[in-house]
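Read off the chains here:
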Amino acid sequence: MITVRIPSAMRGLTDGAAHVEVEGMTVREALDALVVRHPALGARLFDDQGKVRRFVNLYVGEDDIRFSEGLDTAVPEGGTLSILPAVAGG
Amino acid sequence: MTTYLQGLTCRECGARYPAEARSACEECFGPLEPTYDLEAIRAAVSRETIAAGPASMWRYQAFLPAERDPEVDLGDGFTPLRRARRLGAELGLPNLYVKDETRNPTHSFKDRVVSVAVTKARELGFETVACASTGNLAHAVAAHAAAAGMDAVTFVPTGLESGKLAATAVYGARLVEVDGTYDEVNRLCGEAADEYPWAFVNVNLRPYYAEGSKTIAYETAEQLGWRAPDHVVVPVASGALLVRVAKAFRDLRAVGLLDEEPSVRVSGAQGVGCSPVATAFAQGADDVRPVRTPTTIARSLAIGDPADGMYALREARESGGAVEAATDAEIVEAVGLLARTEGIFTETAGGVTVAVLGKLAARGVIRPDETVVAYVTGMGLKTLEAYGERFRPAATIRPRLEALAAFLGDGARKGAA
């Protein structure tokens, strides 16, 4: 089981849930499982080519997946996948 | 005075939201920007009404998303625009000016963004303000929160200059060091903003916060006699300052405060150890690839994943500017150059700006005929560690004239040939 952390700007599409539990070995599998559960999230997370949208950042534990294997980054059993808006800070 | 704010609009997809605390567009996660009734501003604002306003950045309240709160405004902004003749002579730029942001209440341009954000936080009913910071922002948040009687929680990466830490904690703010890079601090704050009832000035209040940066350009135009410069050099951390400066000159024209259409070339400055925007510029790339572990001594610019990086890149490219990077050694030398030519002691980020100014002038990107403004965004006493042994006493002597004479040599005395 993986815990996906949903940012407040997306909770309107998860019936208000801040965390969703899914199964999956990688970020891609976890997100696919999340979208099966909450289909409206699909278009918010991915563009037409299936790439993660420009303004969506993804973290496995403490690590930004752009510094790992992207969507193929492994998520450990019991781990956390966090979704965050990219534009913040500075 | 009134505010002409209409609401928030997504810069990417155009979705509209009321003027509340909100960090991102629900449709596309894009950044949100305040929109204003420009026609009403045009009708209400003139050079005379601005001149009659307070001697702070709030003289431009018509262009800001909140109404001035005198308890929050510490006299923020309205800093000197110095005609930099001696620095200009060194660099071959006869029409050079320096906007001296060391003169702000907490000695960096961050007072501008914080003044707006804390004012807005109070208006929206928050009791606690918070931020992710590389140092200067935490200092500004702590001071303004104290003045407003609000609580402050500030988050910074470990390893910051001691001056910035003390200058934040002294106000009674809760200062939390996070074991990681600025980008990791920022990520934590993004999550925390969903969990705690706090106004994170650069997360859920970022749309308002960023607007404060525009005032640095409004002042520049007013101080130049209501005209825009030809070229500006702006330090790039998140890129928000550069983007707002570029927009601000267009705003002034849109409301009739500038007689001519501004044509400002906008150049950006980064440190070599953290230069994702300069790298993208040099490579001709459209995307800004994040830097995982910044190493520059310009810690206030050490943002590896700049939120407005892509927009800053676009502004620089489309305006005919450039984005260039300076090495640590060049930064320290530029700090010394600015100090000995203009009497302004800047922190490392100002050294980045002045170093890049010099490099772009030497390459002919900045031309001698241009009116140039360099934004020196923070003061040197905050980053003393970075200057190491470079700026030291010339000698240590006994309190005796003979000792002085031995140090100075024979030629220095009155009447010496």
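The preceding data block contains the structure.
Residues numbered from 1 in each chain as written. Chains lettered and ligands numbered in written order. Predicted model: local features only at pLDDT ≥ 70, side-chain atom pairs only at ≥ 80, totals over all residues. Heavy atoms only, no water.

(A) Inspection of the pattern of salt bridges at higher detail. This structure, assessed with the given rule, holds 44 salt bridges over all chains. A salt bridge links R11 of chain A to D194 of chain B, with the shortest nitrogen-to-oxygen separation between them at 3.8 Å. Highlighted residues: R11 of chain A in the loop between β1 (2–5) and β2 (19–22) and D194 of chain B in helix α7 (residues 182–195), drawn from two different chains. Residue E342 of chain B pairs with R82 of chain B through a salt bridge whose shortest N-O separation is 2.7 Å. Of this pair, E342 of chain B sits in helix α13 (residues 328–342) while R82 of chain B sits in strand β4 (residues 81–83); the two residues are 260 residues apart in sequence, bridging distant segments of the chain. You can call E342 of chain B buried: its relative accessible area is 6%. Accessibility expressed as a relative area gives 37% for R82 of chain B, which makes it partly exposed. (Salt bridge = Lys/Arg side-chain N within 4 Å of Asp/Glu carboxyl O. Helix = DSSP H or I, 4+ residues; strand = E, 2+ residues; numbered from the N terminus. Buried < 20%, exposed > 50% of the residue type's maximum accessible area, 1.4 Å probe, protein only.)

(B) Highlighting the interface of chain A and chain B. The interface of chain A with chain B comprises 27 residues on the first partner and 33 residues on the second. Around 2,600 Å² of area is buried between chain A and chain B when both sides are counted, 53% of it from carbon and sulfur atoms. At the boundary of chain A with chain B, the tally comes to eight salt bridges. For R5 of chain A, the salt bridge identified is with E191 of chain B, shortest N-O distance 3.6 Å. For the pair chain A and chain B, the number of links is 13 residue pairs in polar contact (both at pLDDT 80 or more). Listed by contribution, the elements that provide at least two residues to the side of chain A that touches chain B are β3 (56–60), β4 (63–64) and β5 (80–85) of chain A. A total of four residues in the side of chain A that touches chain B trace back to one element, the largest contributor, which is β5 of chain A. Grouping the constituent residues of the side of chain A that touches chain B by class yields 13 nonpolar, six polar and eight charged. (Contact = heavy atoms within 4.5 Å. Buried area = accessible area lost by both parts, 1.4 Å probe. Polar contact = N/O pair within 3.5 Å; in protein donor to acceptor, adjacent residues only side chain to side chain. Nonpolar A, V, L, I, M, F, W, Y, C, P; charged D, E, K, R; others polar.)

(C) Structural view of the packing of helix α9 (residues 214–223) of chain B against helix α10 (residues 240–254) of chain B. All names here are of chain B. Where α9 contacts α10, the two axes come as close as 7 Å, and the packing angle between them is 45 degrees. One way to sum up the angle between α9 and α10 is to call them oblique. Between α9 and α10 lies a crossing of right-handed hand. On α10, the residues that touch K214, I216, A217, Y218, T220 and A221 of α9 are L241, R244, V245, K247, A248, F249, D251 and L252. Tallied by class, the residues present in the contact of α9 with α10 amount to nine nonpolar, one polar and four charged. (Axes fitted to C-alpha atoms, helices over the stretch in contact; angles between N-to-C directions. Parallel < 35°, antiparallel > 145°, perpendicular 65-115°, else oblique. Left-handed = near helix turned anticlockwise from the far one by under 90°.)

(D) Broad picture of the pairing of β2 of chain A. Residue and element names in this part refer to chain A. Burial of the side chains of β2 is restricted to one face: V20 and V22 are buried, whereas none of H19 and E21 on the reverse face is. Here β1 pairs with β2 via four bridges, running antiparallel. Looking at β2, one finds that V4 is bridged to V20. (Pairing = 2+ DSSP bridges.)

(E) Structural view of the packing of α10 of chain B against helix α12 (residues 309–319) of chain B. Residues and elements named next belong to chain B. The geometry of α10 relative to α12 is characterised by a closest axis approach of 8 Å and an angle of 50 degrees between their N-to-C directions. Taken together, the axes of α10 and α12 are oblique relative to one another. At the point where α10 passes α12, the crossing takes the left-handed sense. Taken together, the residues of α12 that come into contact with α10 (itself represented by L242, V243, A246 and R250) are Y311, A312 and E315. Partitioning the contact of α10 with α12 into residue classes produces five nonpolar, no polar and two charged.

(F) Structural view of the sheet that holds strand β13 (residues 372–376) of chain B. All names here are of chain B. Taking strand neighbours across the sheet as the criterion, the six strands line up as β4-β5-β13-β10-β11-β12 in an open arrangement whose pairing is mixed. Strand pairing shows two members of the sheet lacking a second neighbour, β4 and β12 (323–326), which therefore form its edges. Averaged over all pairs of adjacent strands, the angle between strand axes in this sheet comes to 25 degrees, irrespective of strand direction. Alignment of β4 against strand β5 (residues 96–100), held across three bridges, turns out to be antiparallel. Across the sheet, the residue bridging to R83 is Y97, located in β5. Running at roughly 115 degrees to β12, helix α14 (residues 348–362) makes contact with β5, β10 (231–235), β11 (265–271), β12 and β13 of the sheet.

(G) Looking closely at the packing of aromatic side chains. All names here are of chain B. In total, this model carries seven aromatic pairs over all chains according to the counting rule given. Ring centres of F63 and Y218 lie 4.8 Å apart, and the angle between their planes is 45 degrees; on these two criteria the pair is classed as tilted. Residue F63 is found in the loop between α2 (47–51) and β4, and its partner Y218 is found in helix α9; the two are separated by 155 residues along the sequence. Ring centres of Y196 and W198 lie 4.8 Å apart, and the angle between their planes is 25 degrees; on these two criteria the pair is classed as stacked. Three or more aromatic residues link up through ring pairs in this structure, and these residues are F155, Y196, W198 and F200. The ring of Y311 has R11 sitting right over it, with the charged end atom 3.8 Å from the ring centre. Across the ring face of F78, the terminal group of R59 is positioned such that the distance to the ring centre comes to 3.9 Å. (Phe/Tyr/Trp six-rings, centres within 6.5 Å; stacked < 30°, edge-to-face > 60°. Lys NZ or Arg CZ within 6 Å of the ring centre and 35° of its normal.)

(H) Region of the structure containing the nonpolar core. Of all hydrophobic cores here, the largest spans 115 residues; its most connected members are L31, L34, L45 and I83 of chain A together with F63 of chain B. Element by element, the count of residues in this core is highest for α10 of chain B, at eight residues. Residues contacting I83 of chain A, with those up to four places away along its chain left out, are V4, R5, I6, P7, M10, L31, L34, L45, V56, N57 and L58 of chain A together with F29 of chain B. Grouped together as the second largest cluster of nonpolar side chains are 50 residues, F155, L301, V332 and V365 of chain B included. (Core = buried A, V, L, I, M, F, W, Y, C linked by side-chain atoms within 4.5 Å.)

(I) Structural context of the side chain of S56 of chain B. All names here are of chain B. As for its position among the elements, S56 is in the loop between α2 and β4. Judged by its relative accessible area of 2%, S56 is buried. Within polar-contact distance, the side chain of S56 engages the side chain of D73 at 2.8 Å. In this structure, S56 is in contact with R68, D73, G75, D76 and F78, ignoring residues within four places of it in sequence.

(J) Structural context of the sheet that holds β5 of chain A. The five strands are arranged β2-β1-β5-β3-β4 (chain A) in an open sheet whose pairing can be described as mixed. Every interior strand has two partners, whereas the edge strands, β2 and β4 of chain A, have only one. Set on the sheet, helix α1 (residues 27–37) of chain A makes contact with β1, β2, β3 and β5 of chain A; between it and β2 of chain A the angle comes to about 110 degrees. Those strands touched by α7 of chain B are β1, β3, β4 and β5 of chain A, and its axis lies near 85 degrees from that of β5 of chain A.

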